[in-house]
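# What the coordinates show
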Amino acid sequence: MPTRHDLKWWAIEGMLPVASALGQREAVIDRVIDRITDEHEIVDPAIRQFEYKGEPKGRIVYPVVQGRAPVRNYMVCTLAHAFRVRGYEPVFLLCDSSLSMCMKKRRDGHDDARCEVCTHTGRRLFEAFGYDPVTLSELPGADHNATVEVDDLADPFDITYRGVDLSDFAVASTRNHLKMNEIDLSDPETRALYEGLLDGGAHLVDATAALIKETGATRIVGNHPAYIYGGVPLATAREQGLQAVTIMGGKRDRTLLVGYFDEETPLPTYTDQDYLDEVLDRPLSDGQDAEVEEIMAGRRDGSEIRYHYASNSEVSVEAGSGDGLTVGVFSNLMWDASLASKAITFADPYEWVVRTLSVLARREDVHVVMKPHPAEAMRESNRRVDRWLESEHPDIVDRIELLPPDTDVSPYELMGDLDVGVVYSTNLALEMAIDGIPAVVAADVHYRGNGFTIDPENREAYLEILRNIDNVGMTDEMQTRARRYAHLLWVRKHIPYRVYETSSKDDFGSVHALPVEHEDLTPGNEHVDFIIDQVLAGEPVVRPL
């Protein structure tokens, strides 16, 4: 049976030929876009009418490949104007249906309509800001369409093109597309999807390299660095010797996270390690410690989290009896880009789940509680951890307490009943450490290796820790360092940037652009000034103490 989503695109496809015959094609697309977004309508005319005085100091490339990501693009456009009024000319890169595969296409017969709406959405937003984007079809790389055959590759998950490793970006994009972790290249549709993403990645490498060369770019500023459309242009810039800046909306509302795309730390949640070492050795003031308390309270009730997946219930689970330990195991959303981080113990998170639970459940004195990420139930995961365990490993399920991802148990209430936590790479390990609960971390993540979590260096070391889980402990110094890191991450790295807000109109939160005046982005706004100055200097974008 067709879904509402299918019916929408069938209707659009049916309207466009008729609209073209009547000379109304663009007007019809405008009406469709008006049902999706209104960001172009709230741009201050003074922003659109801005003109340079003299030659620009430099050019900054923004690879906004997807036009139909209006709020995210609005955020990028406002930052571009902040650079523009300080003398730096923005150069936008927009896909005009030239990628063989992307995150918007679905290979279900509606892609022509999707591409047209996507490109037109981007153009209209750029016009509202007074920008004239460069389109992908104007640049080299269009001949990459359908050229990759994974059967011809020695290792289809190790593909480098012009010095850029495309594999991780294509893998993360494929997982997101399929809403599952597994990539079965023996399946024709999955193989075509993956090959198309590799093609698109190669196209973006050529196009980005040409654009950087033609413009003599000063910086490249992008987002979504784990995926093809975001990460490949940033990786190409790095390969070209150009500093690549990553931005994203913060975990706290109306804030911006800004980082630098380098080999080990592509996400803006990461911080330069030398700088981080200095921060973690510096005591917090009473006021700063109170800020951590306030944020933790807000994370518990959802007021300090843009996407509040966790239950607000005060219900937990029955802790183990006697002298035994209660150990909580927390998995990530299994197809999320966060799993693209470098594997330390297990590259396959499902294998991690099974081995972790198997080792812990062997001990009769350990009560194991497994809590999958709540988004597994909310965001269309095609292989939910709880159902997979029940189907494939019922023997393990019989020996643990398995909570469904949508169970009405708050992870924060559950944490209070735990003796030890075990995570793959979720932020719950940081939050447990703040509360004085020891947490074992299996994968690479931004807070790892900073002296407040238990971080095994390899698989065998990890399994040995699990076998001796009763020896895992927490010191006051570890808890202190966790609080210092939390203040850095959630207070100092989150720069106030009031161009969007998140409301709870649905399960995940709806993000809306906020009106911004030209004067809000000109010199004199302390937070915008700070972002621009730090980026141009190549320094950490972290508010000073």
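Please refer to the structure higher up on the page.
The present account deals with the structure reproduced in this document. Everything numeric in this text was worked out from a predicted model, so none of it was measured.

Helix and strand counts for the protein chain stand at 19 helices and 16 strands. Counting only C-alpha atoms and orienting by the principal axes, one finds that the protein chain spans roughly 75 × 55 × 45 Å. For the protein chain, the proportion of its 545 residues judged to be buried stands at 57%. Of the accessible surface of the protein chain, which amounts to about 23,300 Å², a share of 45% is contributed by carbon and sulfur atoms.

Using the criterion set out here, one finds four cavities of 30 Å³ or more in the structure. Each pocket or cavity is described by its volume, and for the largest cavity that value is around 90 Å³. Lining the largest cavity, in full, are Val65, Gln66, Cys95, Ser97, Leu99, Cys102, Lys104, Lys105, Cys115, Cys118 and Thr119. Taken together, the residues that form the lining of the largest cavity break down as six nonpolar, three polar and two charged.

Attention now moves to the sheet that holds strand β11 (residues 401-402). Within the open sheet, the five strands sit side by side as β11-β10-β9-β12-β13. Their pairing is parallel. Looking along the sheet, the strands with just one partner apiece sit at the ends: β11 and β13 (439-441).

With that out of the way, let us pick up unusual backbone geometry. Leaving glycine aside, a negative phi is the common case for residues, and trans is the common case for peptide bonds. Unusually for a residue other than glycine, Arg162 sits at a positive phi of about 50°. Structurally, the position occupied by Arg162 is in the loop between β4 (160-161) and β5 (164-165). Look at Arg162 and you get partly exposed, because its relative accessible area is 47%. Residues other than glycine seldom take positive phi values, yet His224 does so here, at roughly 50°. With respect to the helices, strands and loops of the structure, His224 is situated in the loop between β6 (219-222) and α8 (228-239). With a relative accessible area of 29%, His224 lands in the partly exposed category.

This part is about the packing of aromatic side chains. Under the defined criterion, the tally for this structure stands at 14 aromatic pairs. Plain terms: the ring middles of Phe157 and Tyr194 are 5.4 Å apart, the flat faces sit at 50° to each other, and that makes the pair tilted. Of this pair, Phe157 sits in the loop between β3 (134-135) and β4 while Tyr194 sits in helix α7 (residues 188-215), and the two are 37 residues apart along the sequence. Taking the relative accessible area as the measure of exposure, Phe157 reaches 37% and is therefore partly exposed. Each residue in the set Tyr62, Tyr74, Phe92, Phe126, Phe129 and Tyr131 is aromatic and connected to the rest through ring pairs, giving one cluster. Between the NZ or CZ atom of Lys179 and the centre of the ring of Trp335, over which it lies, the distance is 4.9 Å. Above the face of the Tyr350 ring, Arg383 is positioned so that its terminal group lies 4.4 Å from the ring centre.

Taken together, the side chains of Asp262, Asp272, Asp274, Asp277, Glu278 and Glu539 define an acidic patch exposed on the protein surface. Within the fold, Asp272 resides in the loop between β8 (255-260) and α9 (273-280). For Asp272, a relative accessible area of 45% corresponds to the partly exposed category.

Helix length check: α7 (28 residues) gives 40 Å between terminal C-alpha atoms against 40 Å at 1.5 Å per residue, within 8%. α7 sits mainly inside the fold: 22 of its 28 residues count as buried. Following α7 by one or two positions, Gly216 adopts a phi angle in the positive range, close to 60°.

Time to look at helix α19 (residues 526-537). Over its 12 residues, α19 runs 16 Å from end to end, which matches the ideal 16 Å to within 8%, given 1.5 Å per residue. Buried residues belonging to α19 abut α4 (70-84), β6, β7 (244-249), β8 and β14 (495-496). Put simply, Asn525 is the residue that caps the front of α19, since its side-chain oxygen is 3.1 Å from the backbone nitrogen of His527. One or two steps after α19, the chain reaches Gly538, where phi turns positive at roughly 70°.

For the rest of this paragraph, the subject is the environment of Ile305. Mapped onto the elements of the fold, Ile305 is located in the loop between α10 (286-301) and β9 (325-330). The contact partners of Ile305, leaving out residues within four places of it in the chain, are Lys251, Gly298, Arg299 and Tyr412.

Here helix α6 (residues 167-178) crosses α8 at 170°, and the two axes come no closer than 9 Å. Considering their axes alone, α6 and α8 lie roughly antiparallel with respect to each other. Between α6, through Phe169, Ala170 and Ser173, and α8, the contact on the second element is made entirely by Ile228, Gly231, Val232 and Ala235. Residues that form the contact of α6 with α8 fall into these classes: five nonpolar, two polar and no charged.

By secondary structure assignment, the location of Thr121 is in helix α5 (residues 111-129). With relative accessibility at 4%, the residue Thr121 sits in the buried group. Between the alpha carbons of Thr121 and Val511 there is a distance of 17 Å; along the sequence they are 390 residues apart. Apart from residues no more than four positions distant in its own chain, Thr121 is found in contact with Ile33, Thr37, Gly67 and Arg68.

Another point: the state of the cysteines. Counted under the stated rule, the structure contains zero disulfides. The thiol of Cys118 is not disulfide-bonded; the next cysteine sulfur, from Cys102, is found 6.3 Å away.

Here we take up the pattern of salt bridges. Side chains carrying opposite charge are able to pair once their charged atoms draw close together. As enumerated under the stated definition, the model contains 21 salt bridges in all. Here Glu116 and Arg25 are joined by a salt bridge, their closest N and O atoms 2.6 Å apart. Taken together, the residues Glu116 in helix α5 and Arg25 in helix α2 (residues 25-34) connect sequence positions 91 residues apart. Of the charged contacts in the structure, one is a salt bridge between Arg114 and Asp111, with a shortest N-O distance of 3.1 Å. One end of the pair, Arg114, and the other, Asp111, are both in helix α5, three residues apart, so they sit about a helical turn from each other. Taken together, the shared-partner salt bridges in this structure form one network comprising Asp253, Arg254 and Glu501.

About the thresholds
Residues numbered from 1 in each chain as written. Predicted model: local features only at pLDDT ≥ 70, side-chain atom pairs only at ≥ 80, totals over all residues. Heavy atoms only, no water. Helix = DSSP H or I, 4+ residues; strand = E, 2+ residues; numbered from the N terminus. Buried < 20%, exposed > 50% of the residue type's maximum accessible area, 1.4 Å probe, protein only. Areas by Shrake-Rupley, 256 points an atom, 1.4 Å probe, with all protein chains shown as cover. 1 Å grid on protein atoms, 1.4 Å probe; cavity = no way out; pocket = protein on both sides within 12 Å on 5 of 7 lines; lining within 4 Å. Points joined across faces, edges and corners; volume = space filled by probe spheres on them. Nonpolar A, V, L, I, M, F, W, Y, C, P; charged D, E, K, R; others polar. Pairing = 2+ DSSP bridges. Phe/Tyr/Trp six-rings, centres within 6.5 Å; stacked < 30°, edge-to-face > 60°. Lys NZ or Arg CZ within 6 Å of the ring centre and 35° of its normal. Patch = residues over 30% accessible without salt bridge, like charges linked within 9 Å, V, L, I, M, F, W, Y side chains within 5 Å. Salt bridge = Lys/Arg side-chain N within 4 Å of Asp/Glu carboxyl O. Lys, Arg positive; Asp, Glu negative; His and termini not counted. Charge placed at Lys NZ, Arg CZ, Asp CG, Glu CD. Expected span 1.5 Å × (residues − 1). Contact = heavy atoms within 4.5 Å. Polar contact = N/O pair within 3.5 Å; in protein donor to acceptor, adjacent residues only side chain to side chain. Axes fitted to C-alpha atoms, helices over the stretch in contact; angles between N-to-C directions. Parallel < 35°, antiparallel > 145°, perpendicular 65-115°, else oblique. Disulfide = S-S within 2.5 Å.

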